[in-house]
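Architecture at a glance
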Amino acid sequence: QGELSRRGDVSALEGRWAELIGGINELVDSFVAPFEEAAAYIDRISHGDIPDKIESSYKGDYNNIIEALNRCIEAVDNIVKETKDVAAIAAEGRLSERANPAIHEGDFQQIVLSLNKALDEIAAPIDELAGTLGKIEAGDLRAKMTGNYAGDYNKIKESLNATSTGVAGMIVSIGDNARSLAAASEELAAISTQLQGNATSVSGEATAASAASEQVSANVQNVAASSEE
């Protein structure tokens, strides 16, 4: 019934019967010990407490149980260690690093493959984001993110593409205004040249009028002199 701590009472019997019960007790002890130790280790593993390997030595099939449990401890310890290492590397921004699925088996290997896939899903939009920003920095305002992403990754893509489109439109508007300003400057320069020509013409006419006035004044003086004479 699973009550492995119960033993026969040798003191209640005599002779060969006492030896028989004692032998049964020793038999129970021989298989209870490894089971109890294995159960204690399995309980620790179930609570996330990964113990060191069991160092106790048993014989035959009992030892097979301990060896299997030690392999389980090693496998769980490896998956936990590698997961922590990859998470630490990712936190440092080294998104090209991946866990090695070849050193794991079964569902443990599937866990590693799923972890690597998750990192791929994170790294892909970030890599394209960096590349697209580099193109925009180099002056290519037509650069866009084109990958197919889901959830928040797609929001990043849409935000960057909208920003790129907005900046491109602003640059085009600035270019149009600059061209309009250049055309207005050319027209203003032409008007200035024309005004300068008109001013020169007026100055020449004023000079001629001044000379004519001087000539008239001289003639008037001559007439006055003649009249006095």
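No experiment lies behind these values; they were computed from the predicted model shown. (Residues numbered from 1 in each chain as written. Predicted model: local features only at pLDDT ≥ 70, side-chain atom pairs only at ≥ 80, totals over all residues. Heavy atoms only, no water.)

What the protein contains, in helices and strands, is 4 helices and 0 strands. Overall, the C-alpha framework of the protein stretches about 190 × 30 × 25 Å when taken along its three principal axes. Sorting the 229 residues of the protein into buried and exposed places 19% on the buried side. About 16400 Å² of surface is accessible on the protein, with carbon and sulfur atoms providing 56% of the total. Across the protein, the 18 positively charged side chains and the 37 negatively charged ones have centroids separated by 10 Å. (Helix = DSSP H or I, 4+ residues; strand = E, 2+ residues; numbered from the N terminus. Buried < 20%, exposed > 50% of the residue type's maximum accessible area, 1.4 Å probe, protein only. Areas by Shrake-Rupley, 256 points an atom, 1.4 Å probe, with all protein chains shown as cover. Lys, Arg positive; Asp, Glu negative; His and termini not counted. Charge placed at Lys NZ, Arg CZ, Asp CG, Glu CD.)

With that out of the way, let us pick up the confidence of the model for the protein. The predicted model of the protein averages 84 in pLDDT, with 94% of residues at 70 or higher. When the elements of the protein are averaged for pLDDT, helix H4 (residues 151-228) gives the smallest value, 78, and helix H3 (residues 106-137) the largest, 89. (pLDDT = per-residue confidence, 0-100.)

Take the pattern of salt bridges next. The full count for this structure, using the stated rule, is 11 salt bridges. Across the pair aspartate 120 and arginine 98 runs a salt bridge, and its minimum N-O distance is 2.7 Å. Taken together, the positions of aspartate 120 in helix H3 and arginine 98 in the loop between helix H2 (60-91) and H3 put the pair 22 residues apart, joining distant regions of the chain. The partner of arginine 179 in a salt bridge is aspartate 176, and the shortest N-O contact between them spans 2.2 Å. Within this pair, arginine 179 and its partner aspartate 176 are both found in helix H4, separated by 3 residues, close to a single helical turn. (Salt bridge = Lys/Arg side-chain N within 4 Å of Asp/Glu carboxyl O.)

Attention now moves to the nonpolar core. As a rule of thumb, soluble globular proteins bury nonpolar side chains together. One finds Ala38, Tyr41, Ile45, Ile54, Tyr58, Ile66, Leu69 and Ile73 forming the largest nonpolar core, which totals 8 residues. Those elements that place two or more of their residues in this core are helix H1 (15-46) and H2. Other than its neighbours up to four places away in sequence, isoleucine 45 contacts Ile50, Pro51, Leu69 and Ile73. Core analysis: the next-biggest nonpolar cluster, separate from the first, contains 5 residues, Val86, Ala99, Val112 and Leu119 among them. (Core = buried A, V, L, I, M, F, W, Y, C linked by side-chain atoms within 4.5 Å. Contact = heavy atoms within 4.5 Å.)

With that out of the way, let us pick up the packing of aromatic side chains. Throughout the structure, instances matching the rule amount to 0 aromatic pairs. Taking the ring centre of tyrosine 41 as reference, the NZ or CZ of arginine 44 above it sits at 5.9 Å. (Phe/Tyr/Trp six-rings, centres within 6.5 Å; stacked < 30°, edge-to-face > 60°. Lys NZ or Arg CZ within 6 Å of the ring centre and 35° of its normal.)

Residues Leu13, Trp17, Leu20 and Ile24 make up a contiguous nonpolar surface patch of about 420 Å² in total accessible area. When you line up the elements, isoleucine 24 lands in helix H1. (Patch = residues over 30% accessible without salt bridge, like charges linked within 9 Å, V, L, I, M, F, W, Y side chains within 5 Å.)

Its 32 residues place the ends of H3 47 Å apart at the C-alpha level, agreeing with the 46 Å of an ideal helix rising 1.5 Å per residue. A positive phi of about 105° marks glycine 139, the residue just after H3. (Expected span 1.5 Å × (residues − 1).)

Turning to the side chain of glutamate 37, a few remarks are in order. Structurally, glutamate 37 can be placed in helix H1. We note that glutamate 37 is buried and unpaired, the nearest opposite charge coming from arginine 44 at a distance of 8.7 Å. Beyond its immediate stretch of four places on either side in the chain, glutamate 37 contacts Ile54, Ser56 and Tyr58.

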